[in-house]
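A structural walkthrough
These are the residues of each chain, in order.
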Amino acid sequence: MSLMLLCLTLPAQADERPTLLVMGDSLSAAYGIEQELGWVHLLEQRLDGKVRVINASISGETTSGGASRLPDLLRQHEPELVLLELGGNDGLRGLPPRQMRANLASMIEESLDAGAQVLLLGIDIPPNYGQAYRDAFRSTYTQLAEEYEVPLVPFILEDIALETTLMQDDGIHPTADAQPIILENIWPELESLLARHTEVSVTSD
């Protein structure tokens, strides 16, 4: 009887781990490198099983695509934390910043309504479409973070994007060597959110 009760309780205990959902594009989908070298996988290793990590990132994803997929993912996984790393492909395609803003706002609202905390991960773009477009693009993340009072990592490729040795030949995607730096850029904001959901301290050691 005791063995039976133990077997019945094990799945419930496993389900009690908080769930972290990553909604991103190629920067979070380990484009051009081995999956186990990507920053999301490195994050999962650092969390050491204390948090269930769901990487729903798709290379080439836009905010429109993310907004259409998110409701089903929220229902399926019921995450406590949602990391939104989208917008880069909108910018590279020259899509209207107001459209990107509306899509990201929708995803933030849906995540918050589902009881999840949100961490917004910002990105920058080359000035191909002019400085005015670039400024509007970058300010979208700051405005959303302020409006919805969610934490923001302004630029996840900080100390990476201008280092040619850390970027793949296309000049857009970071190399495997850059992935630990991406994680460190994200970690301070993420760690404070994780502390609210994990009893065991999660450190970068």
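Further up the page is the structure itself.
To start, this report covers the structure provided alongside it. (Residues numbered from 1 in each chain as written. Predicted model: local features only at pLDDT ≥ 70, side-chain atom pairs only at ≥ 80, totals over all residues. Heavy atoms only, no water.)

Quick look at the overall build of the protein
- Helix and strand counts for the protein come out as seven helices and five strands.
- Here the protein, with 205 residues, has 47% of them falling under the buried criterion.
- With the model as given, the accessible surface of the protein reaches about 10500 Å², and the carbon-plus-sulfur share is 51%. (Helix = DSSP H or I, 4+ residues; strand = E, 2+ residues; numbered from the N terminus. Buried < 20%, exposed > 50% of the residue type's maximum accessible area, 1.4 Å probe, protein only. Areas by Shrake-Rupley, 256 points an atom, 1.4 Å probe, with all protein chains shown as cover.)

Some points on helix α7 (residues 179-194)
- For α7, the principal kink sits at W187 and spans about 50°; a proline, P188, occurs within the next four residues.
- All of the buried residues in α7 are Q179, I182, L183, I186, W187, L190, L193 and L194.
- Where α7 is buried, its residues contact β1 (19-24), α2 (39-47), β3 (81-85), β4 (117-121) and β5 (152-153). (Bend = angle between axes of the 7 residues up to and from the residue. Contact = heavy atoms within 4.5 Å.)

Notes on the packing of aromatic side chains
- Taken as a whole and assessed by the stated rule, the structure comprises two aromatic pairs.
- Taken together, a centroid distance of 5.4 Å and an interplanar angle of 55° make the contact between Y129 and Y133 tilted.
- Residue Y133 is classed as buried on the basis of its relative accessible area, which comes to 14%.
- With a centroid separation of 5.8 Å and 75° between ring planes, the pair formed by F137 and Y141 is classed as edge-to-face. One end of the pair is F137 and the other is Y141, both in helix α6 (residues 131-148) and four residues apart, which spans about a single turn. When sorted by exposure, F137 lands in the same class as Y141, which is buried.
- Taking the ring centre of W187 as reference, the NZ or CZ of R46 above it sits at 4.7 Å. (Phe/Tyr/Trp six-rings, centres within 6.5 Å; stacked < 30°, edge-to-face > 60°. Lys NZ or Arg CZ within 6 Å of the ring centre and 35° of its normal.)

Some details on the sheet that holds β3
- Taken together, the five strands give an open sheet; going across it, the order is β2-β1-β3-β4-β5, and neighbouring strands pair in parallel fashion. Edge positions in the sheet fall to β2 (52-55) and β5, since each has one partner strand and no second.
- Where β1 meets β3, five bridges bridge the pair, whose relative direction is parallel. In the strand pairing of β3, G24 is matched with E85.
- Contacting β1, β2, β3 and β4, α2 runs over the sheet at an angle of about 175° to β2. (Pairing = 2+ DSSP bridges. Axes fitted to C-alpha atoms, helices over the stretch in contact; angles between N-to-C directions.)

Side note on the environment of S57
- Mapped onto the elements of the fold, S57 is located in the loop between β2 and α3 (63-77).
- For the pair S57 and L21, spaced 36 residues apart in the sequence, the C-alpha separation amounts to 9.3 Å.
- Beyond its immediate chain neighbours, meaning those up to four positions away, S57 contacts V22, M23, G24, D25, S28 and A29.
- Of note is the side chain of S57, whose polar atom sits 3.1 Å from the backbone nitrogen of G24. (Polar contact = N/O pair within 3.5 Å; in protein donor to acceptor, adjacent residues only side chain to side chain.)

Some points on empty space enclosed by the protein
- According to the stated counting rule, one finds one cavity of 30 Å³ or more in the structure shown.
- In this structure, the largest cavity occupies an estimated 40 Å³ of space.
- Residues that form the lining of the largest cavity fall into these classes: five nonpolar, four polar and no charged. (1 Å grid on protein atoms, 1.4 Å probe; cavity = no way out; pocket = protein on both sides within 12 Å on 5 of 7 lines; lining within 4 Å. Points joined across faces, edges and corners; volume = space filled by probe spheres on them. Nonpolar A, V, L, I, M, F, W, Y, C, P; charged D, E, K, R; others polar.)

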